[in-house]
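# Examination of the molecular architecture
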Amino acid sequence: MKMEIHFIFQKKIHGRKVKGIGKNAFCNSDFTAVYLPDGIKYLAERAFYGCRKLEAINFPDTIVKIGKECFSGSGLTSIVVPDSLKVLETRCFSYCRQLKSVLLNECLEHIQPAVFEWTDISRIVFPQSILEIEQGVFKGLTGVEMIFLNAETKMNLREYSFMPLTVYCLSGSKIRKEAREIGITVKPLNEFRNV
């Protein structure tokens, strides 16, 4: 029988508002779910690193920072990135081997290196707000559908030319030009069906 351990953060501790979770605060803990209060601003580097049993977490719309490797090696299965977050920092969700579903917000602008490396993502929609996706974001995936809603988004597709990859994008976009040059399957954005 699976034992579930839920951790609910309080809005205040000793009368003081909780503003964030510190570096390495809960590394390798056995939580299965974490509930963060509204008002929390940041999750520091490696705060939940190696929490292999952690399957679920809520991200309040007050979070402005998720630090490097914050959830690396955790058991998360899905995430919804809050509207308050503009950058996903290096490896913050790397090696989350059960991570299948990712919903990016409409304010996210930048995805740093290796954020989703060695996960189980098979489809991801990049909103119009995304300007840059750095190297190694999808290293270790066996294949993925990428949907680009902005014609100006920058990403080096060459590093993924060896894997099954389908790109949906706008005609005339930088991504479309690069995908065609290196032989990646590219389709018009209007053919994408979000099912």
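This write-up is about the structure you can find in this document. (Residues numbered from 1 in each chain as written. Predicted model: local features only at pLDDT ≥ 70, side-chain atom pairs only at ≥ 80, totals over all residues. Heavy atoms only, no water.)

A few words on the sheet that holds strand 12 (residues 110–111). Across the sheet, 4 strands lie side by side as 10-12-14-16; this open sheet has parallel pairing. The outermost strands of the open sheet, each flanked by one partner alone, are strand 10 (87–88) and strand 16 (154–155). Here strand 10 runs beside strand 12; their pairing, made up of 2 bridges, is parallel. Bridging from a neighbouring strand, V87 pairs with H110 of strand 12. (Pairing = 2+ DSSP bridges. Helix = DSSP H or I, 4+ residues; strand = E, 2+ residues; numbered from the N terminus.)

With that settled, consider the pairing of strand 15 (residues 144–148). Within strand 15, 4 of the 5 residues are buried, which leaves it mostly tucked inside the rest of the structure. In this sheet, strand 15 lies alongside strand 13 (residues 123–126) in parallel orientation, the contact comprising 4 bridges. Following the sheet pairing, V125 is matched in strand 15 by I147. Taken together, the 4 bridges between strand 15 and strand 17 (residues 165–169) define a ladder with parallel strand orientation. In the strand pairing of strand 17, V144 is matched with L165. (Buried < 20%, exposed > 50% of the residue type's maximum accessible area, 1.4 Å probe, protein only.)

Take helix 1 (residues 174–182) next. Looking only at helix 1, the buried set comprises I175, E178, A179 and I182. When helix 1 is viewed along its axis, its buried side chains cluster within an angular range of 100 degrees and face the same direction. Away from its buried face, by an angle of more than 90 degrees, helix 1 presents the exposed residues K177, R180 and E181. Of the surrounding secondary structure, the elements contacted by the buried residues of helix 1 are strand 15, strand 16, strand 17 and strand 18 (185–188). Just downstream of helix 1, G183 is the residue with a positive phi angle, here 80 degrees. (Arc of directions from axis to C-beta. Contact = heavy atoms within 4.5 Å.)

Following the criterion strictly, the structure yields 13 aromatic pairs and no others. Taking 5.6 Å as the distance between ring centres and 15 degrees as the angle between the ring planes, the aromatic pair formed by F26 and F48 counts as stacked. Highlighted residues: F26 in the loop between strand 4 (20–21) and strand 5 (33–35) and F48 in the loop between strand 6 (42–43) and strand 7 (56–57), separated in sequence by 22 residues. For F26, a relative accessible area of 18% corresponds to the buried category. Using a relative accessible area of 0% as the deciding quantity, one classes F48 as buried. Ring geometry for Y95 against W118: centres 6.3 Å apart, planes inclined by 20 degrees, an arrangement best described as stacked. Pair noted here: Y95 is in the loop between strand 10 and strand 11 (101–103) and W118 is in the loop between strand 12 and strand 13, with a separation of 23 residues, a long-range link. Relative accessible area serves as the criterion here: at 30%, W118 is assigned to the partly exposed category. Through a chain of ring-to-ring contacts, the aromatic side chains of F26, F31, F48, F59, F71, F93, F116, F126, F138, F148 and Y160 assemble into a single cluster. Looking at R46, its charged tip hangs above the ring of Y49, at a distance of 3.8 Å from the centre. (Phe/Tyr/Trp six-rings, centres within 6.5 Å; stacked < 30°, edge-to-face > 60°. Lys NZ or Arg CZ within 6 Å of the ring centre and 35° of its normal.)

Further remarks concern a negative patch on the surface. Taken together, D38, D61, D83 and E106 make up a surface patch of like negative charges. Positionally, E106 belongs in the loop between strand 11 and strand 12. (Patch = residues over 30% accessible without salt bridge, like charges linked within 9 Å, V, L, I, M, F, W, Y side chains within 5 Å. Areas by Shrake-Rupley, 256 points an atom, 1.4 Å probe, with all protein chains shown as cover. Salt bridge = Lys/Arg side-chain N within 4 Å of Asp/Glu carboxyl O. Lys, Arg positive; Asp, Glu negative; His and termini not counted. Charge placed at Lys NZ, Arg CZ, Asp CG, Glu CD.)

In this structure, N105 sits in the loop between strand 11 and strand 12. A polar side-chain atom of N105 sits 2.3 Å from the main-chain carbonyl oxygen of P82. Among the polar contacts made by the side chain of N105, one reaches the main-chain amide nitrogen of L108 at a distance of 2.5 Å. Each residue touching N105, except ones within four places of it in the same chain, is listed here: V81, P82, D83, L85, P127 and S129. (Polar contact = N/O pair within 3.5 Å; in protein donor to acceptor, adjacent residues only side chain to side chain.)

Here we come to unusual backbone geometry. The phi dihedral of E69 is positive, around 55 degrees, even though this residue is not glycine. Relative to the assigned elements, E69 resides in the loop between strand 8 (65–66) and strand 9 (78–80). Residue classification places E69 among the partly exposed residues on the basis of a relative accessible area of 22%. In this structure, Y95 is a non-glycine residue whose phi angle is positive, near 60 degrees.

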